[in-house]
Amino acid sequence: MGSVSNQDFPVGKTEEDEGPSTEEDSQSFNGVGVCKWFNVRMGFGFLSMTNREGVPLDEPVDVFVHQSKLHMEGFRSLKEGEEVEFSFKKSSKGLESQRVTGPGGVQCVGSERRPKGKKVQKRRSKGDRCYNCGGLDHHAKECKLPPQPKKCHFCQSIDHMVAHCPIKAQQSSQGKPLSEEEHSQSEATD
C-alpha cells in the first residue's frame with residue numbers, strides 16, 4: 001500500500017488562505033480505514049485511511065495515531081489490520097487522529113501483544129542492621145555486644161573476607177552454585 005504525502009491531500013484551509021494555522025483552529029474530519037501498523041512498546045502507529053467523509057479514496061492515506069486517542073479500556077493498542085473509524089485533523093506534523101474507535105463507535109479491539117521490557121528486580125531491603133552483630137533492632141553504635149570479628153559476606157566465615165573467599169572463587173570458576181555438600185566440604189578444607 002502506497003501512501004500519499006500530506007501536501008497532496010488537502011484537508012481544509014491552506015496556509016496561503018489565512019496564514020499559518022495552529023492546532024487549535026484546525027478543522028476536524030472523519031475517516032474510516034484500518035490499522036497499518038502499531039508499536040505497542042512506543043504507543044503509536046499509523047492508520048491507513050480508505051474513506052474520508054463518506055467518500056472512498058483512490059489511494060490509502062496514512063494518519064498518525066497515538067495510544068491516548070484510542071477508545072478502549074485497559075492497555076491501549078491496535079492490531080494490524082483492525083478496522084477503525086476516527087476523527088482527524090491536519091497539524092504541522094501531518095494528519096493526526098483525534099479519536100479512534102472500532103466500527104460503529106464501539107471500543108477498539110487492540111493487539112494481544114504487550115510491551116517487552118526489562119524486568120526490574122527490586123532488591124530486598126535488609127532493613128537497618130547492626131554491622132557488629134547483625135541485629136535488626138539497633139545500629140552498631142548502640143550495640144551492647146563487644147566488637148565482633150569481621151565475616152565474609154559470601155559464606156559468613158570469620159577466617160577470611162569476601163575478596164579471598166575460596167567458596168566464591170570455586171563457584172565462579174565452575175559457573176554454577178555449590179550444593180550444600182560441596183559447600184561443607186570446602187569449609188572443612190579451610
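Residues numbered from 1 in each chain as written. Predicted model: local features only at pLDDT ≥ 70, side-chain atom pairs only at ≥ 80, totals over all residues. Heavy atoms only, no water.

A. How the structure looks around the confidence of the model for the protein. This prediction gives the protein a mean pLDDT of 78; 72% of its residues lie at or above 70. Note that residues 1-19 has pLDDT below 50 and, in this model, 31 contacts with residues that lie over four places away or in other chains. (pLDDT = per-residue confidence, 0-100. Contact = heavy atoms within 4.5 Å.)

B. View of the packing of aromatic side chains. Applying the stated criterion to the full structure yields six aromatic pairs. Aromatic pair W37 and F46: ring centres 5.7 Å apart, planes at 50°, arrangement tilted. Accessibility expressed as a relative area gives 33% for W37, which makes it partly exposed. Given the relative accessible area of 26%, F46 is considered partly exposed. A ring pair is formed by F46 and F64, whose centres lie 5.7 Å apart and whose planes are at 75°; its orientation type is edge-to-face. With F46 in strand β2 (residues 44-52) and F64 in strand β3 (residues 55-66), this pair connects stretches of sequence that are 18 residues apart. The class of F64 is partly exposed, set by a relative accessible area of 26%. Connected via pairs of aromatic rings, a cluster forms that spans W37, F44, F46 and F64. Here the basic side chain of R52 rests over the ring of F29, its NZ or CZ set 5.2 Å away from the ring centre. (Phe/Tyr/Trp six-rings, centres within 6.5 Å; stacked < 30°, edge-to-face > 60°. Buried < 20%, exposed > 50% of the residue type's maximum accessible area, 1.4 Å probe, protein only. Helix = DSSP H or I, 4+ residues; strand = E, 2+ residues; numbered from the N terminus. Lys NZ or Arg CZ within 6 Å of the ring centre and 35° of its normal.)

C. Local environment of the nonpolar core. Among the nonpolar cores identified, the biggest contains 18 residues, and L47, L70, L78, F86 and V100 are the most heavily contacted of them. Once residues lying within four places of it in the same chain are set aside, the contact partners of L47 are V34, C35, K36, V61, D62, V63, V65, L78, V84, F86, S97 and V100. (Core = buried A, V, L, I, M, F, W, Y, C linked by side-chain atoms within 4.5 Å.)

D. Fine view of the pairing of strand β4 (residues 83-91). For strand β1 (residues 28-39) and β4, the ladder comprises seven bridges, and the chain directions are antiparallel. Bridged to V32 within β4 is E85. Examined bridge by bridge, β4 and strand β5 (residues 94-101) share seven bridges and lie antiparallel to one another. Considered in β5, the bridge of K90 is made with L95. Connecting β4 to the next strand, β5, in antiparallel fashion are two residues. (Pairing = 2+ DSSP bridges.)

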